[in-house]
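Structural description and commentary
Single-letter residue listing:
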Amino acid sequence: MAPQGRFTVGSHVWVADADVAWIDGLVEEVKGDELIIQCTNGNKVTANVSTVYPKDAEAKRCGVEDMTRLAYLNEPGVLQNLKSRFGMNEIYTYTGNILIAVNPFQRLPHLYNNHMMGIYKGAEFGELSPHPFAIADRAYRLMINYGKSQSILVSGESGAGKTESTKSLMQYLAFMGGKAQTGERSVQQQVLESNPVLEAFGNAKTVRNNNSSRFGKFVEIQFDQNGKISGAAIRTYLLERSRVCQISNPERNYHCFYMLCAAPAEDRERYKLGDAASFHYLNQSSCIKLDAMDDASEYITTRTAMGIVGISSDEQDAIFRVVAAILHLGNVEFSEGSEADSSVPKDDKSRFHLSTAAELFMCDEKALEESLCKRVMVTRGDIIVKNLDSRAAALSRDALARIVYSRLFDWLVNKINTSIGQDPNSKLLIGVLDIYGFESFKTNRCLTAFEQFCINLTNEKLQQHFNQHVFKMEQEEYTKEQIDWSYIQFVDNQEILDLIEKKPGGIIALLDETCMLRNSTHETFAEKLYQKFKDNPHFSRPKFSRSDFTVHHYAGHVTYQTDLFLAKNIDYAVNEHQDLLHASRCSFVSSLFPPSEESTKSTKFTSIGSSFKQQLQALLETLSTTEPHYIRCIKPNNALKPGIFENSNILQQLRCGGVLEAIRISCLGYPTRRRFDEFVDRFGVLLPEVLGESYDEVTATKMLLEKVNLTGYQIGKTKVFLRAGQMAELDALRTEVLGHSACKIQRKVRSYLARKKFIQQRISATQLQAFCRGQIARHYYEDLRRKAASLTIQTYYRMYFARKNYRNICSASTTVQSGLRGMAARKELRFRKQTKAAVTIQSYCRSYLARSRYMSLKKAAITTQCAWRGRMARKELRKLKMAAKETGALQAAKNKLEKQVEELTWRLQLEKRMRTDMEEAKSQENRKLKQQLLELQSQSNETKDLLKKEQETAKEALAKAAVVPEVHVDATLVDELTAENVKLKALVSSLETKIDETEQRFEEMKKAREEWLKKATDAELKINELTETMLSFQEKLTNMEAENQLLRQQALLRSHVRTIPENSTPKSSLTNGSPRGEEQKTPHGTPPAPKEYGSFAHARASFYERQHESVDALINCVSENIGFNEGKPVAAITIYKCLVHWKIFETEKTSVFDRLIQIFGSALQKHDSNEDLAYWLSNSSTLLIMLQKSLKAAGSSGTSPQKRQPAQSSFLGMVFRSSSITVDMDLVRQIEAKYPAFLFKQQLTAFVEGLYGMIRDNVKKDLSSLLSHAIQVPRTVKASMVRGRSFGSSSLPRGRSFSNQASYWQAIVDNLTELLKILQENCVPTIFIRKIFTQIFSFINAQLFNSLLVRHECCSFSNGEYVKQGLAQLEVWCGELKPEYAGSALDELRHIRQAVGFLVIFKKFRISYDDIVNDLCPGLTVQQLYKICTQYWDDKYNTESVSEEVVLEEMRTLMTNESSQETLDNTFLLDDEISMPISLEEISDSMDVKEFQNVEPPSELVAMPAFQFLKS
């Protein structure tokens, strides 16, 4: 502990607490060596200065990734840092090169995927966040670079996550080593598949874990010279053999015993097994079944895993026979025999189990009984058989069970290693050690004390190895910084190891000596220990105990009960057991016990403790030949639930794991290390004159340390090294200076606030007085106004009342007069409307009836004609079918059918037109009738409304008759109106009846029309059938003509060729150099005969040669870069023109496509040159566009079948035939292509995707190194920024650009500009340019954003400004591009832009969660936001991050809910898209084929006569 002077009033400290181990507080008062501390939980405690640790008040909320960077490297500081990171879901932390892994008890798949492994591949250690991948990568790099084997030691108590850490290590090593295959599975997969087998036979339930490994496992991953995995081996150490026979409550024996007892019924019957509780080796504990484990299903899983690792079914049966035999052997009990000191099986039950065990071992039952109850002793020339008493027989039984199980476990390990395969020539390996950790219980149990003693011995030895490694790392750090460390003394735990294992005189040696003496007890052993080690400082005797002893281990004091030490240490190797099982009829059991050379003694004493020590020594010798790396696994709580952090439990594990011991070693030297800029930034207030730019950081650091009169520190090359306690002294001085400054600030602020308050009060009093006087004056003035207003209101009210009465009287008289005049006018109007409506209705009804009769007659006539003509056509069709059987009548039938089809087609079209006209007329008539009906209905409604209004008017008039008595109503007129209303009602009812009749007739006509339509459809189907029949006749005729032509050719060839003189040449008419012999080719383009003779054959051969020469000329021309014309690739258009002209697309078989594919394939080999790749991408994509627009499947569309000619399928035949044709049509047109053409199109599509991907990947490769530098502010700039903030005069203004450090971003822009130039020069289609830049920007977004998440130092304010300015350069570059090139590329940067925008916002603690999600970062997930918020630190203005209570708690709740719902996609890293995001249709639609018309062909081809068609 440091002296008292380092603590002052207001100091932040840690004080011990019974509940949470350590609690923070503030020092309120200092009384000598006593401190009065106000704790954060509200309690006030008094503590001695020697028991208090200083606390770093400026520690980051999310902790530090490497705890060697803590300001105070002490026990509470380490605990608080782990707790802070655990609360942020950061489960990994470094302590130097040691990784501490806290088990989260939940799945975090985003931390272990292939993308994360790619990020850690090749990264410097400590550059990225702590991770097992970083440890594995460092080990792999050291192995490759220095050629030395490595080892990774994974330790921790049961349930701490050792197995999962081991799996992740092997996963990364397999990723780096190339996943070498053995059979069908990789080495890593086979090692993982062996886990269920080893867990079944080597794991058991303990007090702290339901699946605790009771052996140590060292997995050797072997590598060849190239760093590829070449083999693997599993080495097991220190199997807990005594557990087979003895277990304590509530633990269990090995899992395999319970699995076998829960096996299917046929297996249990075969092995004669019952319930697990009926066996002595299993029922010593009350725990038989586990809630979280189904033994029956685990049995099936284990059998399956055994099959996977290469254990045959016969071997599996033999293995479980041995396991069952051990269970039966444990149920054999012994009683006293007839002779003295003899023993026999106790009862029939014991004899049954003995017999069953012998049957399963396949040995003699009598011999097995004698081997358990008797001993054979060999003396000089004599053999003595000695009886064993019941106790000795039980020990012999347990010894047999232990050795059988041990041999079985060793056989399983050897079998697994054989299945995996080892590389005997490998000289490099990486070993992963998974071994149980230090055990210390509050109440130690007698039954497991010996095993606990052995386990703690193992950890004591490993701790010594660990301490040496930590001290070595400290030395390397000091040497690297060139500081003096020669006086630092290293104290290890060798004295404790000597106490336990020294020969002679160690605890194990005394135990072996006691075991060999007859009639020795555990009390005898304890007395020897007390006498031997009474003066040893690491050994003590507990009070009130006669046989216990305590060893002072590095992790604490552990008391062991010696009651069963002697029994568990004795392991007799009985020769009778060896001979008995070697003679077993079961080959498997016999192989477990090979013949032994030592047979002089019947019984050989073996010490389990000594064997344990020898295996441990072998393990350490293996580790000493490797470079070690350490992973310490921590179990945060015993409830095995996420989110719970038990301080006391974790502190104990840190002690047991040696982490606190490593801290102790660090504290012996210089535990506090700070970079110069960090040191000056924190303690510059102690000497303000060093904060100017006149001093460099080293000089400023030395001046500060001299100012405070510190001694014992060291100045390194990049850091200042402080002794333990010196950081607290500096902080105390800093706190004092800041306290004085705070007092001055408070005094000035209080004075300012008091004067400001007085001035405000004086101004307020004056304003209050003025307001009161004004209020009184306003009240007086208001009373005067009210009086004047009341007189005015009365005057206007009387005037208004008089005017209102007068107007009412005038209005009543005017209303009566207007009502009478209006009634007379409306009557006249109504009469005229009704007369006109009646005339209109009559005219429309008569017109409709006449038209309906005419249309009915017309339709009936047409229907009758169609039926009759159809009947006659069917008769004619039957006659044609009869006549079609004769070949000579086919042509006539064909012509006749064609005429009939044309006639029927014409008639059908005529009928359709008539039907259409009729429907249109009918629809028009219906519309007119509906319109008339609506008009009538509206008129009827108007009439009814008028009647109602007149009745109301009449009533009003009658009511007012009393007021105006001089008005009289004409009764005659009223009667006339009533009669007229009656007539109108009758007329409306008759109209409604006619409308109903019209609708009924309309429905009938609609049904008739549907029937006519159905008949017309049937007629159309019949016409189609006739058409198909005609086509089949036509095809038969064509085939017969082809057969006749083939027969004529064969007859011509069979006629003697000698009729043609040898010196004569066949007559031919040449057009463009093509013979007229095409008519003699077969319909499929095959040669007409197998042999050709004379000059005719010579002419044909020369023609073939000319065609091949043309193809060769084309291939040789387009193989070179022939450039572009009119912005289009000349090679692609030339190829397309030639293929179309030669009709290659229509051939069944050709080699031209293969030769073209070879050209594009050679371009893929030049994958490093973007210029060549862009040229071929332009040509291949242009050719693909033309093929997409022109090729179509045969028969998909085209001309009518009558005009289709027989297709030529030979390529040379197509060239031969087409050489006389001049192409004079569009460049790209529809072509009925064959299978080779479509195959060529598919291959071309694949080449386009490959060329596109190569260009994109080349650019990504060039940008990757630049992006790794562009994500983080260079250290020189960062240091100047921090100094600028602290030094005041040199502070950088906001918005100042890092122009001198922007070379990386400028290089990125230059690379993009160069790529754009290459693509434009090679006329690559704009859709490819747009997609390439979109994917490149997506890659930039993913790389920068992922680096921001995995690198804690990147989430800072200054780094956000630096990256934001770089992104602004990219934005400017995109703005200068044309829209067809840029597209939506800038939108791909949304993640990094939103994240950087969040980093550079001031006063983040005022931002709510809704503001972040909806406004600032809408594109980021909750996991990504949480990661950024927890990692953020302001290195420029030292402001706070977001609010913990408001924002982080809400994010944590959302993530917990998503985790409980088992969301699959919960990774926070972005993936990079590697596919080509363009479809063939998009490529085809991106260009217009008319753009290819004016491209000039290459001059070297145009000069050749065979390529004159290219000019057209």
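All figures in this text were calculated on a predicted structure; none of them were measured in a lab.

Digging into helix α19 (residues 575-582)
Counted residue by residue, α19 has 6 buried out of 8 residues, so it is predominantly covered. For α19, the set of buried residues is N575, E576, H577, Q578, L580 and L581.

So, the side chain of S1356
With respect to the secondary-structure elements, S1356 resides in the loop between α37 (1326-1350) and α38 (1357-1376). Residue classification places S1356 among the buried positions, given a relative accessible area of 1%. From its side chain, S1356 meets the backbone nitrogen of N1359 in a polar contact 3.3 Å long. The contacts of S1356, once residues within four sequence positions are left out, are L1399, Y1432, W1433 and D1435.

Observations regarding the confidence of the model for the chain
Keep in mind that low pLDDT regions are not for reading the predicted coordinates in detail. Averaged over the chain, the pLDDT score is 79; the fraction of residues at 70 or greater is 83%. Confidence drops under pLDDT 50 across residues 1462-1466; counting only partners more than four residues distant or on other chains, this segment forms 4 contacts.

Side note on the packing of aromatic side chains
Counted under the stated rule, the structure contains 36 aromatic pairs. With a centroid separation of 5.9 Å and an interplanar angle of 80 degrees, the aromatic rings of F549 and F565 are classed as edge-to-face. A residue pair is termed long-range when its members are at least 10 positions apart, and F549 in strand β21 (residues 549-553) and F565 in helix α18 (residues 565-569) qualify at 16 residues. Judged on exposure class, the residue F549 and its partner F565 are both buried. Three or more aromatic residues joined by ring pairs make a cluster, and in this case those are F450, F453, F525, F533, F539, F549, Y560 and F565. Over the face of the ring belonging to Y258 we find R252, whose NZ or CZ atom lies 3.9 Å from the ring centre.

Topic: a nonpolar patch on the surface
On the surface, I745, V749, Y752 and L753 cluster together into a nonpolar patch covering about 400 Å² of accessible area. Secondary-structure assignment places I745 in helix α26 (residues 726-884).

Section: the sheet that holds strand β22 (residues 556-560)
The 3 strands lie next to each other as β20-β21-β22, forming an open sheet whose pairing is antiparallel. Where the open sheet ends on each side, the last strands, each with one partner, are β20 (539-540) and β22. Across the sheet, helix α15 (residues 494-501) lies against β20 and β21, angled at about 150 degrees from β21, the strand it touches most.

Re the pattern of salt bridges
As enumerated under the stated definition, the model contains 34 salt bridges in all. The salt bridge partner of R214 is E240, with a shortest N-O separation of 2.7 Å. One end of the pair, R214, is in the loop between β12 (212-213) and β13 (216-223); the other, E240, is in the loop between β14 (229-237) and α7 (255-261), and 26 residues separate them in sequence. This pair shows no difference in class: R214 is buried, exactly as E240 is. Connected through shared salt-bridge partners, R214, E240, R243 and E251 make up one network.

Comments concerning the pairing of strand β1 (residues 12-17)
Here 6 bridges tie β1 to strand β2 (residues 21-31), and the two strands are oriented antiparallel to one another. Looking at the pairing, W14 lines up with D24 of β2. In this structure, the hairpin formed by β1 and β2 is closed by a connection of 3 residues. Pairing of β1 with strand β5 (residues 53-54), which is carried by 2 bridges, proceeds in the antiparallel orientation. Note on β5: the bridge partner recorded for V13 is P54.

Some thoughts on the packing of helix α13 (residues 390-420) against α19
It is the contact of α13 with α19, at a shortest axis distance of 11 Å, that shows an interaxial angle of 50 degrees. Taken as axis vectors, α13 and α19 run oblique relative to one another. The hand of the α13/α19 crossing is right-handed. The segment α13 lies against α19, with S396, L400, V404 and R407 engaging H577, Q578 and L581.

Regarding the environment of A139
With respect to the helices and strands, A139 occurs in helix α3 (residues 132-146). Residue class for A139 comes out buried when judged on its relative accessible area of 0%. Taking the C-alpha atoms as reference points, A139 and S151, 12 residues apart in sequence, are found 7.6 Å from one another. Among residues more than four places away in sequence, those in contact with A139 are Q150, I152, I430 and H629.

Calculation notes
Residues numbered from 1 in each chain as written. Predicted model: local features only at pLDDT ≥ 70, side-chain atom pairs only at ≥ 80, totals over all residues. Heavy atoms only, no water. Buried < 20%, exposed > 50% of the residue type's maximum accessible area, 1.4 Å probe, protein only. Helix = DSSP H or I, 4+ residues; strand = E, 2+ residues; numbered from the N terminus. Polar contact = N/O pair within 3.5 Å; in protein donor to acceptor, adjacent residues only side chain to side chain. Contact = heavy atoms within 4.5 Å. pLDDT = per-residue confidence, 0-100. Phe/Tyr/Trp six-rings, centres within 6.5 Å; stacked < 30°, edge-to-face > 60°. Lys NZ or Arg CZ within 6 Å of the ring centre and 35° of its normal. Patch = residues over 30% accessible without salt bridge, like charges linked within 9 Å, V, L, I, M, F, W, Y side chains within 5 Å. Areas by Shrake-Rupley, 256 points an atom, 1.4 Å probe, with all protein chains shown as cover. Salt bridge = Lys/Arg side-chain N within 4 Å of Asp/Glu carboxyl O. Pairing = 2+ DSSP bridges. Axes fitted to C-alpha atoms, helices over the stretch in contact; angles between N-to-C directions. Parallel < 35°, antiparallel > 145°, perpendicular 65-115°, else oblique. Left-handed = near helix turned anticlockwise from the far one by under 90°.

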